[in-house]
Amino acid sequence: MEAEKEKARKLDIHVTDNGNGTVSCEFRYGTDDATTASGYYIGGTGKKRTAEERDARDAIETRLNFLIGKAREIDATAARYIGKSHGKDKHDAGHATYKSLDDAQAKEAAGLAKKELELAAHGKELSTPDLQRLRDLTKYNAKDAEFATRFYRELGPEKALRLHGQLGIDASTDGGDTRRELSRTIQNSLDRGLALATHPGGGKDGNVTHLGNAWTEELKKVGKEPIFLHDPQSNERGKNAMPQQKVLGYQVLGNMLRHGKYDEGFLNVVGEDMVETERKNEHGSAGWPNPHNARRDGVLNLDPKGGTGFDPMTGLMKGLSHTPDAATEFFNGYTGGDKHGPEELSNFDYFFGDKSREEPIDPRDWPHDGDDDESKLGKDALGSAIEAATTGRPPGDEGPPLKHKQEQADLFRRVVSRLGGAENSSLVEHGGELEPLQPHMGNMAADYMRDVQRGIVHVPDGLIAEQGKIAEVGNLKGDELGRFLRAASQDPDGYASITHASHAVSAEILRNAMHDPPGDNSLSDAAVKGAEPGAKVAAAAAEGRAEGIEKAQDRVGAVERYNESLDKKQELVGAIVDMGLGRLTYGGEAAGQVAGVVQEAVFDQYRKDPEEVVRQVQEGRRDFLATERMREAKAMEEIAKIAGERAGVKGEALDWAATDVANAVADDFPEK
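Residues numbered from 1 in each chain as written. Predicted model: local features only at pLDDT ≥ 70, side-chain atom pairs only at ≥ 80, totals over all residues. Heavy atoms only, no water.

**Regarding the overall build of the protein**
For the protein, the count of helices and strands is 25 helices and eight strands. Burial statistics for the protein: of 672 residues in total, 54% are counted as buried. Counted over contacts in the protein with a minimum sequence separation of 6, partners at least 24 positions apart contribute 69%. Here the protein has roughly 30,100 Å² of accessible surface; of this, 47% comes from carbon and sulfur atoms. (Helix = DSSP H or I, 4+ residues; strand = E, 2+ residues; numbered from the N terminus. Buried < 20%, exposed > 50% of the residue type's maximum accessible area, 1.4 Å probe, protein only. Contact = heavy atoms within 4.5 Å. Areas by Shrake-Rupley, 256 points an atom, 1.4 Å probe, with all protein chains shown as cover.)

This is the structure:
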């Protein structure tokens, strides 16, 4: 608590008691933005505050309120269990025995959970005070492995899944906003607790902080069995003629995997069993029970976004995206192959398909799951999972790219080959079944930009630095890499990721090329050689951008989205430059200057008037692409100048080399 107060003091934040057990944090001198729309810094003290400062304020407020709530919960629990231990008889102290505070709270939470299930069997539900109590118990113990283990061991897998599903149905059918938010918090807290309790340890039967292997095996059994939930809107009738909704256990578990960081072994064990269960069903992905009646409000997933939760693969993909090592293992794994199940098939092929085979495989069919754009949410989750699997980072991670492991690099090569292949690329183009993968394809290409540039044109050994293990995308068939880049660039975010990453890597390559030109090569020859890979990537991205604009219903709006994405994704430049140039002897300050010039060059040349761009595209793609090439030439000229300075080149020699780079880019690198 004191540490958070000290952070608030340093940022000149005033903490106000709201009088209801919570506090609010506000700056003393206002909260105006301190950056322009393009990210340029214009101040950060007095009346103006940066986005980072406001985020810090919000984090302090959240943390303070959590600590206050936790303290309040401990006080209430202590009083409650002292009373239970001693009872009302002052001569008898032997009523209830608890081993610890976790034990006491877990038993109370499990008792409320069982009460909810008993009430549901008779068409009723927990009172709001009881629901609030369950919310407090689970929320403030969401990071407590001992509480979670005791809670889930007390309930067992079947009741745990039924509780989670029933909370969703109750809150979404007639719960109102208050009960819906309470139930959503309980669900999310239980999910994070399960992630902790299922980490490996304790052998078969587990221990105080691990559920153990036997619990997981029982979970797999229950996952394939029906679970009946009270649903007042259902036409089905169960015991006591009560309306009910039937789901399979894995449908509920899929939603539980959305939150928390699960152990990679657990995720793969249950994930592959979920896939095999789906493959064994004669209806495949359509075999999961799902109420299609339009008037039905009941959902399993209470998150504001993410669909209704009846397709378990959406939740599995989200869980994998939070645990990159698990995702890598999953997409390199397979299901089937034994005499009792389907034929052996890799998980990669099952989800992405392969139309180039003699007997083509279609990608998994993603059923409608309550979202406005059909199955987009599930496919976007698939994109997040494969992005994590190849990059080693959860999507949205703001840190620098990591060094790639061999299995990650091999998987990325496989992704490029499959989605860029002549028979399969239509899947990820505009209107294709897997179009929602486009921004994730851009993120993957950005993360592997050194390998992409190495692969798009032949360059001398050592010119481009290695980022861990190399993804050999230069020896793929035909134009697979080019098609991959073009399809990714049909999406504004995909295009922005590729464009920024390519320019950042180009700055690194140009610096390396001009630092010590090998043999008889002139400085200009070395600079042109260093600029060529990035210019080729930019050309492919420009083609994809033109296609994205052409095929958009609102072309002016599409150009605006491209401009917005270039603005939003600019932090990629700093992260990539810092990973490369920032680790050289002249340090991070110079790398920051390089990043600034690269960002400015991109904004000056690539942010365009939407109506003018639409006119160019409509009048002729060839002329549009020629204009794009001229813009790239100017951007690369500026990047060559700053990179050359960092290589120790000055004066006319640098100006001549940068001019030669610009001319070569503009002329599309003619043969000499």
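On we go.
**A short note on the confidence of the model for the protein**
Here the protein averages 86 in pLDDT, and 85% of its residues register 70 or above. In the model, residues 33-46 has pLDDT below 50 throughout and makes 29 contacts with residues more than four positions away in sequence or in other chains. A low-confidence stretch, residues 88-95 stays under pLDDT 50, and its non-local contacts, those more than four residues away or across chains, total eight contacts. (pLDDT = per-residue confidence, 0-100.)

**Let's talk about the pattern of salt bridges**
If you walk through the whole model with that rule in mind, you get 34 salt bridges. With a closest N to O distance of 2.5 Å, D479 and R486 form a salt bridge. Assessed through its relative accessible area of 34%, D479 is described here as partly exposed. A salt bridge links E638 to K641, with the shortest nitrogen-to-oxygen separation between them at 3.8 Å. Of the two residues, E638 and K641 both sit in helix 24 (residues 621-646), three residues apart, roughly one turn of that helix. In the salt-bridge network here, residues are joined through shared partners; they are D349, D354, R357, R414 and R418. (Salt bridge = Lys/Arg side-chain N within 4 Å of Asp/Glu carboxyl O.)

**Thoughts on the pairing of strand 6 (residues 244-248)**
For a regular strand, side chains alternate in direction, first toward one face of the sheet and then toward the other. Summarising burial for strand 6: four of the five residues are buried, a large majority. The sheet contact formed by strand 5 (residues 226-230) and strand 6 spans five bridges and is antiparallel. Paired with H230 across the two strands is Q244, which belongs to strand 6. (Pairing = 2+ DSSP bridges.)

**Some remarks on the packing of aromatic side chains**
Here the structure, examined in full by the defined rule, presents 14 aromatic pairs. Each ring, one from F147 and one from F151, has its centre 6.2 Å from the other, and the planes form 10°; the classification is stacked. In this pair, F147 and F151 both sit in helix 5 (residues 145-174), four residues apart, roughly one turn of the helix. In terms of burial, F147 and F151 fall into one category: buried. Measuring from ring centre to ring centre gives 6.5 Å for F331 and F351, while their planes differ by 80°; the resulting arrangement is edge-to-face. Taken together, the residues span a long stretch of sequence, with F331 in helix 11 (residues 324-331) and F351 in helix 12 (residues 347-352) at a distance of 20 residues. Note on F331: relative accessible area 0%, which makes it buried. Pairwise contacts between aromatic rings join F330, F331, F348, Y350, F351, F352 and W366 into one cluster. The ring of W366 carries the charged tip of R364 above its face, separated from the ring centre by 4.3 Å. Of note, R545 hangs over the ring of Y562, and the distance from its end group to the ring centre comes to 5.1 Å. (Phe/Tyr/Trp six-rings, centres within 6.5 Å; stacked < 30°, edge-to-face > 60°. Lys NZ or Arg CZ within 6 Å of the ring centre and 35° of its normal.)

**Structural notes on the nonpolar core**
Soluble, globular proteins show a tendency: their nonpolar side chains are buried together. The biggest cluster of nonpolar side chains holds 119 residues, and the ones touching the most others in it are F151, M317, F331, F351 and F352. Top contributing element to this core by residue count: helix 5, with ten residues. The next biggest cluster of nonpolar side chains, apart from the first, holds 22 residues, and it includes L510, A643, V649 and V661. (Core = buried A, V, L, I, M, F, W, Y, C linked by side-chain atoms within 4.5 Å.)

**Side note on the side chain of T314**
By the secondary structure assignment, T314 is in helix 10 (residues 312-322). Judged by relative accessible area, T314 falls into the buried class, the value being 2%. Look past the residues within four positions of T314 in its chain and what remains in contact with it is R258, G306, W366, D369, L377, G378 and A381.

**Remarks on helix 16 (residues 449-456)**
For helix 16, the buried fraction is high: six of the eight residues fall into the buried class. The complete set of buried residues in helix 16 reads M449, R450, D451, V452, Q453 and G455.

**Observations concerning a negative patch on the surface**
Taken together, the side chains of D554, E560, E564, D609 and E611 present a region of like negative charge at the surface. By relative accessible area, which is 46% here, D554 ends up partly exposed. (Patch = residues over 30% accessible without salt bridge, like charges linked within 9 Å, V, L, I, M, F, W, Y side chains within 5 Å. Lys, Arg positive; Asp, Glu negative; His and termini not counted. Charge placed at Lys NZ, Arg CZ, Asp CG, Glu CD.)

**Regarding the environment of Q467**
Along the chain, the position of Q467 falls in the loop between helix 16 and helix 17 (480-488). Separated by 20 residues in sequence, Q467 and D447 have C-alpha atoms that sit 9.5 Å apart. A polar side-chain atom of Q467 sits 2.9 Å from the main-chain carbonyl oxygen of L402. Of the polar contacts made by the side chain of Q467, one reaches the backbone oxygen of D447; its length is 3.3 Å. (Polar contact = N/O pair within 3.5 Å; in protein donor to acceptor, adjacent residues only side chain to side chain.)

**Quick look at the pairing of strand 2 (residues 23-27)**
Covered by surrounding structure in strand 2 are V23, C25 and F27 only, the residues S24 and E26 on the alternate face being uncovered. Sheet analysis places strand 1 (residues 13-17) next to strand 2, joined by five bridges and oriented antiparallel. The partner of V15 across the bridge, within strand 2, is C25. Here strand 1 folds back onto strand 2, and the loop between the two strands holds five residues, one of which, G19, carries a positive phi near 80°.

**Comments concerning the environment of G123**
Its location among the elements puts G123 in the loop between helix 3 (101-120) and helix 4 (128-139). Taking the C-alpha atoms as reference points, G123 and P243, separated by 120 residues in sequence, lie 8.2 Å from one another. If near-sequence neighbours (up to four positions away) are discounted, G123 is found in contact with H230 and M242.

**Details of the side chain of S506**
Among the secondary structure elements, S506 is positioned in helix 18 (residues 492-515). A relative accessible area of 0% means that S506 is categorised as buried. Excluding anything up to four places from it in sequence, S506 contacts Q453, G534, M636 and I639.

**Brief notes about the packing of helix 18 against helix 20 (residues 555-568)**
In contact at an axis separation of 8 Å, helix 18 and helix 20 are set at 45° when each is read in the N-to-C sense. In terms of orientation, helix 18 and helix 20 fall into the oblique class. Helix-helix and strand crossings are classified by hand; for helix 18 and helix 20 the assignment is right-handed. On helix 20, the residues touching P492, D493, Y495, A496, T499 and H500 of helix 18 are R561, Y562, S565, L566 and K568. (Axes fitted to C-alpha atoms, helices over the stretch in contact; angles between N-to-C directions. Parallel < 35°, antiparallel > 145°, perpendicular 65-115°, else oblique. Left-handed = near helix turned anticlockwise from the far one by under 90°.)

**Observations concerning the packing of helix 19 (residues 523-550) against helix 25 (residues 651-666)**
As a packed pair, helix 19 and helix 25 sit with axes 9 Å apart at the nearest point and diverge in direction by 40°. Viewed along their axes, helix 19 and helix 25 adopt a mutual orientation that is oblique. Helix 25 is crossed by helix 19, and the crossing has right-handed handedness. Of the residues in helix 25, those touching helix 19 at L523, S524, A527, V528, A531 and A535 are A653, W656, A657, D660, V661, A664 and V665. Its residues placed into classes, the contact of helix 19 with helix 25 shows eleven nonpolar, one polar and one charged. (Nonpolar A, V, L, I, M, F, W, Y, C, P; charged D, E, K, R; others polar.)

**Digging into the environment of E571**
Along the chain, the position of E571 falls in helix 21 (residues 571-580). The exposure class assigned to E571 is partly exposed, which follows from its relative accessible area of 45%. Separated by 172 residues in sequence, E571 and G399 place their C-alpha atoms 9.8 Å apart.

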